[in-house]
Amino acid sequence: MMLSGWGRFPRQSCAVSDPRDIDELAQVLQAGSAIARGNGRSYGDSALNPVNTIDMRRFGRMVSFDPMTGQIVAEAGVLLADIIDTFLPRGWFPSVTPGTRFVTVGGMIASDVHGKNHHLHGAFGAFLDWIEVMAPDGRITRCSRTEKPELFHWTVGGMGLTGPIVCAAFRLRRVETGWIRQTNLPTRNLEETLAAFETHHSSTYSVAWIDCLTGGDTLGRSLISLGEHAAASDLAWDKRKQPFDTPAKRLLSMPVSAPAFVLNRHTVRAFNDIYYRRGAARPVEELSDWKSFFYPLDSILNWNRLYGRRGFIQFQCVLPPAASAAGLAALLERITHSGLGSFLAVLKRLGDAGTGISFPMPGYTLALDFPVSPGALDLLTELDRIALDHEGRFYLAKDSRMTPSTLRRSDKRAEDFRAMRQAMGLSSAFTSSQSERLLL
Amino acid sequence: MTRLPVLILGAGSDIAMATARRFAEAGYPLQLAARRTERLERDRADIELRHGVKVSLYDFDALDIASHSALLDSLPDLPGIAVSAIGLLGDQAENESDAGAAIRVMRTNYEAPACFLGEIANRFEARGSGTLVGISSVAGERGRATNYVYGSAKAGFTAYLSGLRNRLAGKGIHVLTVLPGFVDTRMTAGMDLPKRLTAQPDEVGRAIFAAVQRRRNILYVKPVWQLVMAVIRNIPEPVFKRLKL
Ligand SMILES: Cc1cc2nc3c(=O)[nH]c(=O)nc-3n(C[C@H](O)[C@H](O)[C@H](O)COP(=O)(O)OP(=O)(O)OC[C@H]3O[C@@H](n4cnc5c(N)ncnc54)[C@H](O)[C@@H]3O)c2cc1C
Ligand SMILES: NC(=O)c1ccc[n+]([C@@H]2O[C@H](COP(=O)([O-])OP(=O)(O)OC[C@H]3O[C@@H](n4cnc5c(N)ncnc54)[C@H](OP(=O)(O)O)[C@@H]3O)[C@@H](O)[C@H]2O)c1
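Since we're looking at a predicted model, the values are computed, not measured. (Residues numbered from 1 in each chain as written. Chains lettered and ligands numbered in written order. Predicted model: local features only at pLDDT ≥ 70, side-chain atom pairs only at ≥ 80, totals over all residues. Heavy atoms only, no water.)

Caption draft 1: View of a nonpolar patch on the surface. All names here are of chain B. A surface patch of nonpolar side chains, amounting to about 240 Å² of accessible area, comprises Val239, Leu243 and Leu245. The topology assignment puts leucine 243 in the segment after α9 (237–240). For leucine 243, a relative accessible area of 38% corresponds to the partly exposed category. (Patch = residues over 30% accessible without salt bridge, like charges linked within 9 Å, V, L, I, M, F, W, Y side chains within 5 Å. Areas by Shrake-Rupley, 256 points an atom, 1.4 Å probe, with all protein chains shown as cover. Salt bridge = Lys/Arg side-chain N within 4 Å of Asp/Glu carboxyl O. Helix = DSSP H or I, 4+ residues; strand = E, 2+ residues; numbered from the N terminus. Buried < 20%, exposed > 50% of the residue type's maximum accessible area, 1.4 Å probe, protein only.)

Caption draft 2: Up close: the domain arrangement of chain A. All names here are of chain A. Each assigned domain of chain A is listed here: domain 1 (62–175) and domain 2 (179–404). On a C-alpha basis, the centres of domain 1 and domain 2 stand 24 Å from each other. Taken together, the contacts link 32 residues of domain 1 with 31 residues of domain 2. Seen at the junction of domain 1 and domain 2, the total is one salt bridge. Note that arginine 101 is salt-bridged to aspartate 298, the shortest N-O span being 3.3 Å. (Domains from an automatic or database assignment. Contact = heavy atoms within 4.5 Å.)

Caption draft 3: Focus on the packing of aromatic side chains. All names here are of chain A. Applying the stated criterion across every chain yields a total of 24 aromatic pairs over all chains. Seen from their ring centres, tyrosine 205 and phenylalanine 294 are 4.9 Å apart, and the 85° between their planes marks the pair as edge-to-face. With tyrosine 205 in strand β13 (residues 205–210) and phenylalanine 294 in helix α9 (residues 290–294), this pair connects stretches of sequence that are 89 residues apart. On the accessibility criterion, phenylalanine 294 (4% relative accessible area) is buried. Pairing phenylalanine 315 with phenylalanine 394 gives two aromatic rings, centres 6.0 Å apart and planes at 70°, and the pair type is edge-to-face. Of this pair, phenylalanine 315 sits in strand β18 (residues 312–319) while phenylalanine 394 sits in strand β21 (residues 393–394), and the two are 79 residues apart along the sequence. Residue classification places phenylalanine 315 among the buried residues on the basis of a relative accessible area of 2%. Phenylalanine 394 gets classed as buried once you look at its relative accessible area, which sits at 8%. Through a chain of ring-to-ring contacts, the aromatic side chains of Phe93, Tyr205, Trp290, Phe293, Phe294 and Tyr295 assemble into a single cluster. Between the NZ or CZ atom of arginine 221 and the centre of the ring of tyrosine 276, over which it lies, the distance is 4.0 Å. (Phe/Tyr/Trp six-rings, centres within 6.5 Å; stacked < 30°, edge-to-face > 60°. Lys NZ or Arg CZ within 6 Å of the ring centre and 35° of its normal.)

Caption draft 4: Focus on the site of ligand 2. All names here are of chain B. Not every one of the 27 residues close to ligand 2 is listed here, only the nearest: Arg35, Asp61, Tyr150, Val183 and Thr185. Within the side chain of lysine 154, a nitrogen or oxygen atom sits 2.9 Å from an oxygen atom of ligand 2. Within the complex, the protein chains bury 91% of what would otherwise be the 870 Å² of accessible surface of ligand 2. Breaking the shell around ligand 2 down by element, the ones donating at least two residues are α1 (14–25), α6 (148–168) and β7 (182–183). Residue composition of the shell around ligand 2, by class: twelve nonpolar, ten polar and five charged. (Near = heavy atom within 4 Å. Polar contact = N/O pair within 3.5 Å; in protein donor to acceptor, adjacent residues only side chain to side chain. Nonpolar A, V, L, I, M, F, W, Y, C, P; charged D, E, K, R; others polar.)

Caption draft 5: Expanded view of the side chain of aspartate 211 of chain A. Residues and elements named next belong to chain A. Here aspartate 211 is to be found in the loop between β13 and β14 (222–229). Here aspartate 211 falls in the buried class, since its relative accessible area comes to 1%. Looking at aspartate 211, its side chain comes within polar contact range of the side chain of arginine 221, at 2.8 Å. Not counting residues up to four positions away in its chain, the partners in contact with aspartate 211 are Gly220, Arg221 and Asn272.

Caption draft 6: Representation of the packing of α1 of chain B against helix α2 (residues 41–51) of chain B in the model. Residue and element names in this part refer to chain B. Where α1 meets α2, the closest approach of the two axes is 10 Å, and the angle between their N-to-C directions is 25°. The angle between α1 and α2 falls in the class roughly parallel. Note that α1 runs across α2; the crossing there is right-handed. Mapping the contact onto sequence places Met17, Arg21, Ala24 and Glu25 in α1 and Asp43, Asp46, Ile47, Arg50 and His51 in α2. Along the lines of polarity and charge, the residues of the contact of α1 with α2 split into three nonpolar, one polar and five charged. (Axes fitted to C-alpha atoms, helices over the stretch in contact; angles between N-to-C directions. Parallel < 35°, antiparallel > 145°, perpendicular 65-115°, else oblique. Left-handed = near helix turned anticlockwise from the far one by under 90°.)

Caption draft 7: Highlighting the packing of helix α3 (residues 67–74) of chain B against helix α5 (residues 99–127) of chain B. Residue and element names in this part refer to chain B. Viewed as axis vectors pointing N to C, α3 and α5 meet at an angle of 45°, and their least axial separation amounts to 10 Å. The angle between the axes of α3 and α5 places the two elements in the oblique class. Crossing hand, α3 versus α5: right-handed. Residues His68, Ser69, Leu71, Leu72 and Asp73 of α3 touch α5, and the partners they reach there are Ala112, Cys115, Phe116, Glu119, Ile120 and Arg123. Across the contact of α3 with α5, the residue classes break down as six nonpolar, two polar and three charged.

Caption draft 8: Local environment of the sheet that holds strand β3 (residues 55–59) of chain B. Residues and elements named next belong to chain B. Strand order in this open sheet of seven strands is β3-β2-β1-β4-β5-β6-β9, and the pairing throughout is parallel. With one partner strand each, in any of the chains shown, β3 and β9 (218–220) form the two edges of the open sheet. Across the sheet, the axes of successive neighbouring strands diverge by a mean angle of 15°, strand direction being ignored. (Pairing = 2+ DSSP bridges.)

See below:
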């Protein structure tokens, strides 16, 4: 069937199977070099393999939960959304969540996803206790920081290239309510934006929407949002009795692809302008329900169709702290100059680096998306170069078009990863279209 | 409100499991009966975690008719609702040449579920309440060359359910006959089914739940099947016998 990542670019014809248990999974691995696929929320070609793509969503059961430690054991195909639905009413929330809850446990591990609390708490891997991975011969290995640590090290963030994860144990965090105390801070330029992140480093959650169509004095103006889990005592008294009841959101859906003219430089500029003004006019402090705060895009199913039939491409890099101010300014200037506005541009402070080839490292990460066009592809090549000049590296979960040499120049670990795969006999057993493109 | 459990026979089937999950979501405890229940341990844990209901597993072989009442006696509570998903598609060519194989299909689709639901019906009648759900098949509406052994057994089961409903109407006991049409399950894995006519197990589970709440008598999961079967039933036999269906 025709398959793509969330960006709907590239699309490839893939043979897909959906094994229902360990035995069937072991069987499927014999059909040739394979890649596991979760819920397809990575943007590019990391969960595509034309000859053998394995849909892991039938591994969809939660195995156990320990209310003393918050440890949940779940099969790899379980959706984060289901975990929240099950455990938030009992006072637990994911320790780390990406900006969509429609991702699988396996996908979160393979991308070592980061959330708005990365600067303090690290990525998903920091809360993982152990994982079970299937080897090419069908055997299951349990690994952790102390047991088979090398396999653990490379599997977290390893983009499925060490074999299918079938089960994992990780910790949730306690919360008193389903509400977030949100603080909104508009900033007027990049300098102010970065200063605000540093000032508010102790906020549990922080993220900025950045306007990438204004240049000059207002280059890098942003809307920063900070958040803390609200305590029961933060709620109005009538809400305190049901602290996890938040308003039900109506799910909207994009039924068909939008025509190409919907997103062009004028509409994007208008959107950015209105969005900034509305954001700047919001109250400084407000209570947000968890869905609005963490998952604003999840209330529009298939919002990726907004970008039209050709799909869209993401760019996400992280720059080290010392190079961030200059690097971000150079990236934003280049984008502003191109006139190709990004609809969703997100800036975030990251903290400590994780294992293996996991993406995060201390510094600032900028994520952008553009409808696919020759101009956008050229622009991204230039953004690659600017990021490289500032010692940045790139997020594989978002990538669909980087070159192997860009990857190697940005990340010394790529060669070690390839060598490890070879030494452990994984190179020919597990490949994705992305790993082939990047020569991993 | 504490609810009486839902008993599911043949609980390892995809349709049965989807139905079980739908009832658990609404707060019903489950009694899952199947062959080799150790295969259901993970599902039990998952359902208990997600929905906070009690799930118990019971090993049984539906073809061992004498064991039916023993299983029912061993339940701590007589269920409020009993669902049979027991069935066996078999291989038509094999059934034509091997009477043993044919008998197995006939017994699994008719004798075993009918006798089991019949036994439960008696207990429901004594109590004065209960709902019986039999998963039969549109294949029972008219015999076709490609699966008439299976189809004839389902026809028997459908007629049995209809009789049971007639007998128990007015006695507080409701009988639902489910005619699912094509469903994407282990039974049909690898078959090339027309997408529009094929339901997902989830859809069937939700439809059964809703039909039980509304006390429906006959459920076609996808409405289009009602039309398809009306046409198939009304083709005159001289024409029908020449068709390749
Ligand atoms: C709206 C939106 C917001 C996002 N926000 C963030 C964010 O804030 N932070 C962030 O870090 N990411 C973010 N992402 C990216 C997303 O979290 C990751 O791409 C994640 O990996 C997707 O999970 P998935 O289950 O859909 O996996 P897929 O996209 O299906 O697969 C992604 C990778 O995981 C591998 N994989 C999947 N399942 C398994 C398995 N069982 N065993 C081994 N490998 C497996 C695949 O091989 C592939 O390499 C966002 C994505 C979207 C669409
Ligand atoms: N899939 C369809 O398109 C379709 C269409 C119409 C009707 N149906 C009916 O729907 C019901 C469920 O079918 P399904 O599609 O989910 O396929 P399935 O998995 O083959 O379901 C049949 C179930 O019956 C059980 N069973 C068979 N013999 C048994 C015995 N002697 N003792 C105990 N259990 C026994 C099987 O258990 P084991 O796992 O132990 O074998 C299995 O769980 C069946 O009655 C089927 O005829 C299905």
